[in-house]
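The chain contents come next:
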Amino acid sequence: MSEESCYHCGLDCQGKQYQIEDKCFCCNGCKTVYEILNQNELGCYYDFDQNPGTIPTEIKGKYNYLDNLEIAEKLLEFNDGETSVVSFYTPSMHCSSCIWVLENLSKLHSGIVASSVNFPQKKIRITFKNEKISLKSVVELISSIGYEPFISLEDADSGKHKSNKTLIYQIAIAGFAFGNVMLLSFPEYFQDDGFWLDKYKGLFRFLMFVFSVPVVVYSAKDYFISAYKGVKHKMLNIDVPIVLGISVLFIRSTIEIVFDLGQVFFDSLTGLVFFLLLGRVFQQRTYSYLSFERDYKSYFPIAVTKIGNDGKEESVEVFKIKEGDRLLIRNEELIPVDGILINGNANIDYSFVTGESVPVSKKSGDKLFAGGKQLSGAIEMDVLQSVQQSYLTQLWSNDAFKKDSNFGIKNLVDTLSKYFTYIILAIALSAGIYWFFADKLLVFHVVSSVLIIACPCALALSAPFALGNMLRIFGRRKFYLKNAEGIELAAKIDTVIFDKTGTITTNKNNHIIFEGSQLTTEEEQGVRNLIRSSNHPLNRMLYGFLPLSKEVEVINFKEILGKGIQGEINKTSYVLGSASFVNASTSAKNETVIYISIGGEVKGRYVFKNSYRKGLDAVFNTLSKAYELIILSGDNEGEKEYLQKLLPKGTEFVFNQKPTDKLEFIKQKQNEGKQVLMVGDGLNDAGALAQSNFGIAISENTNVFSPACDAILDASKFKELPQFLKLTKQTITIIKASFVLSFLYNIIGMYFAITGQLSPIIAAILMPLSSISVVVFVTFVTNMVSRK
Amino acid sequence: MIVIYLMIAVSIVIAVLFLIIFIKSVKAGQYDDMYTPSVRMLFDDELLEDKTLRKPKSVILNKNSKK
């Protein structure tokens, strides 16, 4: 780190404006945080990590709504009148210093009793005394040191849901029983008769029985439920033969105990359930800091400021906004409903919605759509539609979002198990008939043995382990899937649809083109100096684009909000801004431009263009070999020609699509029998992502937000997309190969079963052996394939 | 050999006890966050009583700082 970087956040100090002792800061915000921490004995913040801080954002007035008790109550986890507990999601948390300072909040304010951080989830839980500090002050306190919490509608709505730990309990009990039963079975493995067995057999077998009961009743519960549902829907899923195996194992062993006949299979039973649950755990890879279920509620604020008839400001809940209300939207606030701009300079950033990074200016009387973020000062607007009926949010009332989870989607294993179940039933029946004539005493023995050995443990394990392992491999390469089933869905895809803005373009580096008569170096210098003090996002972008230059004094500087800026440098007047402001002739094209005139003469304009992602043509060329490609965009056709040149022939282009149109377009493709993959980014793609067979959201920063989808792809890995899709197909092939392997084991076991030779020790060896070898096989091969 | 009954009884009671303790700890949320406690345990009394005592300490945890 150079001396010039900010002691707090590590950014460039830009001169020595803000200094304390030998430390320099990039802005007043960072300096203030340093002062707050230092005064409160928390200076060690800077020792754990270098430049750990983040710049605090301006929050004045933003959280006034937290004084509204009704709203505050919804956020609190616990409140007994004296003490309250609240949890916040704080996205800016990123290092060990953050943990340290956030856990020492009690030093900053005596009203805070305790605070604890859950780093993987980026959550902080704060306990505070109501009489000493209010909820609003708590939020303002943590915002003031750079950790602004993210509070959205979702927080108020969902309340306090708890994570499901049943699977952990189930596997704990199954594993516990498995270990103990195995130990108790040992004497029987090695001895057929003798003193030891005669004396303790009863006790040992009784104990094994006791251990197995909770395994069957509790741990294997889900398999019974799923098998029951399957049979009810006339679908023989993989759980049917599993349940058959479990029941037969349990019933036969119990009968043998009761009548003291000999062989018990409790060890195989508990082992089977344990391994099956292990597969489930392995398949369940959750990314706790990512969310795949977000809808507009996670973006929208809980409350906004309403201006009453008497001009009084008041916080109201977003759901209570009615048509005709007048709202005050402050700087950096989100517009929650559709409305008409009444007052102020609107500069609206729709990047959450469309992925378009360049903000749009609006004049009073213009229509504003929900989902945009106001960037320059406060505005007033009249509400046209309530939240649920707004242009964007009504998308969520579409049926695509009510899609029941994945019951009914046939996966590979279930398709196969239908035949499998019939086959083993047939084998059991014919073996039974044969032994009925050969030796009646052995009929029960043989039939139950067949059902036990046919229990498709290895079969049921190969898919979870292959898919689960692939999920981890993808996760390491920044392609995060919601669940393992997604791999199977992705493997079936034949049509890939891309959104344009934000998906195949990047908002990180817009490229800027100058059109008009070439500027001299001196003039460029002047422009750069002029826009130096402007905070308009477009000007900031242009500032970064222009070459570095010396500082020249600008006199008579004036910024007219919503129009442009002007000033004088070396006695020449510079004017920058919209066409009307500069007196330039406008072009018809819908482009984002800044016009410039120097010395009263219009010199030209800067055009802001989205730049396409690196490797875009390579991605499309690879994909075009195997998939039908479509660009589905909400924009106009302005860049169609350019795209046609860039992308392979046969790519279809559809422009001017509203969010609901996108959804319908995909539905139509699906009705044609296509399996559609949608790649999108903004909220306007949310409907399309939900409707598609597999939806991937591209995200520049996975810590921030992305719409509900099946997978999140880090934008930096966009060019690896074809490879990911190829891997999903290979995974399916691997699973199929592992099926062959597990059938071989079944055939070997079947030999013992049919001939009536199945003893507990053979079952106890064969079952784990087949399971483990299949698991090792799929894990090894998936790792190998993905390394290529 | 009657002692075997006692031994088995004791061993099972102990095993069941551990199972119960495990389930309780899961329920209490001990395994919810596997990362933060590992960092938290490295903090000790870093609170500074007096500014003048402050000396630049070596960076304790800097794995995140230079990525």
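Residues numbered from 1 in each chain as written. Chains lettered and ligands numbered in written order. Predicted model: local features only at pLDDT ≥ 70, side-chain atom pairs only at ≥ 80, totals over all residues. Heavy atoms only, no water.

## Some points on the overall build of chain A
- Helix and strand content of chain A: 25 helices and 28 strands.
- A buried classification covers 53% of the 788 residues belonging to chain A.
- Expressed as a percentage of contacts within chain A between residues at least 6 apart in sequence, the contacts between residues at least 24 apart total 67%.
- Carbon and sulfur atoms provide 54% of the accessible area of chain A, an area that totals close to 35,200 Å². (Helix = DSSP H or I, 4+ residues; strand = E, 2+ residues; numbered from the N terminus. Buried < 20%, exposed > 50% of the residue type's maximum accessible area, 1.4 Å probe, protein only. Contact = heavy atoms within 4.5 Å. Areas by Shrake-Rupley, 256 points an atom, 1.4 Å probe, with all protein chains shown as cover.)

## What about the nonpolar core?
- With 121 residues, the main nonpolar core has Phe479, Phe498, Ile504, Phe620 and Phe694 of chain A as its most contacted residues.
- Two domains each provide a minimum of three residues to this core, namely domain 3 (166-285 + 413-465 + 730-787) and domain 5 (479-505 + 614-726) of chain A.
- The next biggest cluster of nonpolar side chains, apart from the first, holds 54 residues, and it includes Cys13, Leu75 and Ile145 of chain A together with Val39 of chain B. (Core = buried A, V, L, I, M, F, W, Y, C linked by side-chain atoms within 4.5 Å. Domains from an automatic or database assignment.)

## Some points on the sheet that holds strand β15 (residues 379-383) of chain A
Residue and element names in this part refer to chain A.
- Ordered in space as β8-β7-β9-β15-β10-β13, the six strands form an open sheet in which the pairing is antiparallel. Every interior strand has two partners, whereas the edge strands, β8 (313-317) and β13 (367-368), have only one.
- Relative to β15, strand β10 (residues 339-343) runs antiparallel, the two sharing four bridges. Looking at the pairing, Ile340 lines up with Asp382 of β15. (Pairing = 2+ DSSP bridges.)

## Thoughts on unusual backbone geometry
Residue and element names in this part refer to chain A.
- Of note, the phi angle at Asn556 is positive, near 55 degrees, even though the residue is not glycine.
- In this fold, Asn556 is placed in strand β19 (residues 555-560).
- Backbone geometry places Asn656, a non-glycine residue, at a positive phi of 55 degrees.
- By the element assignment, Asn656 lies in the loop between β25 (652-654) and α22 (659-671).

## Observations regarding helix α14 (residues 443-454) of chain A
Residues and elements named next belong to chain A.
- Compared with an ideal rise of 1.5 Å per residue, which puts 12 residues at 16 Å, α14 spans 17 Å between its outermost C-alpha atoms and is within 8% of the ideal.
- The buried fraction of α14 is high, at 10 of 12 residues.
- Within the sequence span of α14, burial applies to Val443, His445, Val446, Ser448, Ser449, Val450, Leu451, Ile452, Ile453 and Ala454.
- Check the buried side of α14 and you find it contacts α10 (239-258), α13 (412-438), α24 (721-754) and α25 (760-787). (Expected span 1.5 Å × (residues − 1).)

## Remarks on the sheet that holds strand β5 (residues 112-118) of chain A
Residue and element names in this part refer to chain A.
- Strand order in the open sheet formed by four strands is β3-β4-β6-β5, and the pairing between neighbours is antiparallel. Each edge of the open sheet carries a strand with a single partner, namely β3 (76-79) and β5. Within the sheet, the average angular offset between the axes of one strand and its neighbour, ignoring direction, is 15 degrees.
- With six bridges joining them, β5 and strand β6 (residues 123-129) adopt antiparallel strand pairing. By the bridge assignment, Ser116 is partnered in β6 with Arg125.
- Along the sheet face, helix α5 (residues 135-144) touches β3, β4 (83-89), β5 and β6 and points at about 40 degrees away from the line of β4. (Axes fitted to C-alpha atoms, helices over the stretch in contact; angles between N-to-C directions.)

## What about the confidence of the model for chain B?
- Looking at chain B, the pLDDT average stands at 72 and 66% of residues meet or exceed 70.
- Confidence drops under a pLDDT of 50 for residues 50-67 of chain B, and excluding neighbours within four residues, the segment shows 32 contacts in the predicted structure. (pLDDT = per-residue confidence, 0-100.)

## Quick notes on the environment of Val358 of chain A
All names here are of chain A.
- Mapped onto the secondary structure, Val358 falls in the loop between α12 (351-354) and β12 (360-362).
- By relative accessible area, Val358 is classed as buried at 5%.
- Sequence spacing of Val358 and Phe608 is 250 residues, and the spatial spacing of their C-alpha atoms is 8.2 Å.

## Some words on helix α15 (residues 457-476) of chain A
Residues and elements named next belong to chain A.
- Over its 20 residues, α15 extends 29 Å from the first C-alpha to the last, a length consistent with the 28 Å expected when each residue adds 1.5 Å.
- In terms of burial, α15 is a largely internal element, 18 of the 20 residues being buried.
- Positioned one or two residues after α15, Lys478 has a phi angle of 65 degrees, which is positive.

## A closer look at the pattern of salt bridges
All names here are of chain A.
- Per the stated rule, a full pass over the model turns up 20 salt bridges over all chains.
- With a shortest N-O distance of 3.9 Å, Lys669 and Glu672 are connected by a salt bridge.
- A relative accessible area of 9% places Lys669 in the buried class.
- Assessed through its relative accessible area of 48%, Glu672 is described here as partly exposed.
- What emerges from the salt-bridge pattern is a single network uniting Glu628, Glu652, Lys669, Glu672 and Lys674. (Salt bridge = Lys/Arg side-chain N within 4 Å of Asp/Glu carboxyl O.)

## Some details on the packing of aromatic side chains
Residue and element names in this part refer to chain A.
- Tallied over the full model, the rule gives 25 aromatic pairs over all chains.
- The interplanar angle of 80 degrees and the centroid separation of 5.7 Å between the aromatic rings of Tyr7 and Tyr34 together place this pair among those described as edge-to-face. Separated by 27 residues along the polypeptide, Tyr7 in the segment before β1 (18-20) and Tyr34 in helix α1 (residues 28-39) bring together distant segments of the chain.
- Residue class for Tyr34 comes out buried when judged on its relative accessible area of 2%.
- With centroids separated by 4.7 Å and ring planes inclined at 15 degrees, the aromatic side chains of Phe479 and Phe724 adopt a geometry described as stacked. One end of the pair, Phe479, is in strand β16 (residues 479-481); the other, Phe724, is in helix α24, with 245 residues separating them in the sequence.
- Exposure remark for Phe479: the relative accessible area of 3% places this residue in the buried category.
- You can call Phe724 buried: its relative accessible area is 1%.
- Ring pairs connect the aromatic residues Tyr7, Tyr34 and Tyr46, which therefore count as one cluster.
- Over the face of the ring belonging to Phe436 we find Lys440, whose NZ or CZ atom lies 5.1 Å from the ring centre. (Phe/Tyr/Trp six-rings, centres within 6.5 Å; stacked < 30°, edge-to-face > 60°. Lys NZ or Arg CZ within 6 Å of the ring centre and 35° of its normal.)

## Overview of the packing of α10 of chain A against helix α11 (residues 266-283) of chain A
Residues and elements named next belong to chain A.
- In the contact formed by α10 and α11, the axes pass within 9 Å of each other and the chain directions differ by 155 degrees. By the criterion of interaxial angle, the relationship of α10 to α11 is roughly antiparallel. Classified by chirality, the crossing of α11 by α10 is left-handed. Facing Ile242, Ile246, Leu249, Phe250, Ser253, Thr254 and Ile257 of α10, the residues of α11 in contact are Phe266, Ser268, Leu269, Leu272, Val273 and Leu276.
- In terms of residue class, the contact of α10 with α11 is made up of 10 nonpolar, three polar and no charged. (Parallel < 35°, antiparallel > 145°, perpendicular 65-115°, else oblique. Left-handed = near helix turned anticlockwise from the far one by under 90°. Nonpolar A, V, L, I, M, F, W, Y, C, P; charged D, E, K, R; others polar.)

## Description of the side chain of Ser462 of chain A
Residue and element names in this part refer to chain A.
- Looking at where Ser462 falls in the secondary structure, it is placed in helix α15.
- Note on Ser462: relative accessible area 0%, which makes it buried.
- Of note is the side chain of Ser462, whose polar atom sits 3.3 Å from the backbone oxygen of Leu459.
- Setting aside chain neighbours within four positions, we find Ser462 in contact with Ile735, Ser738, Phe739, Val774 and Val778. (Polar contact = N/O pair within 3.5 Å; in protein donor to acceptor, adjacent residues only side chain to side chain.)

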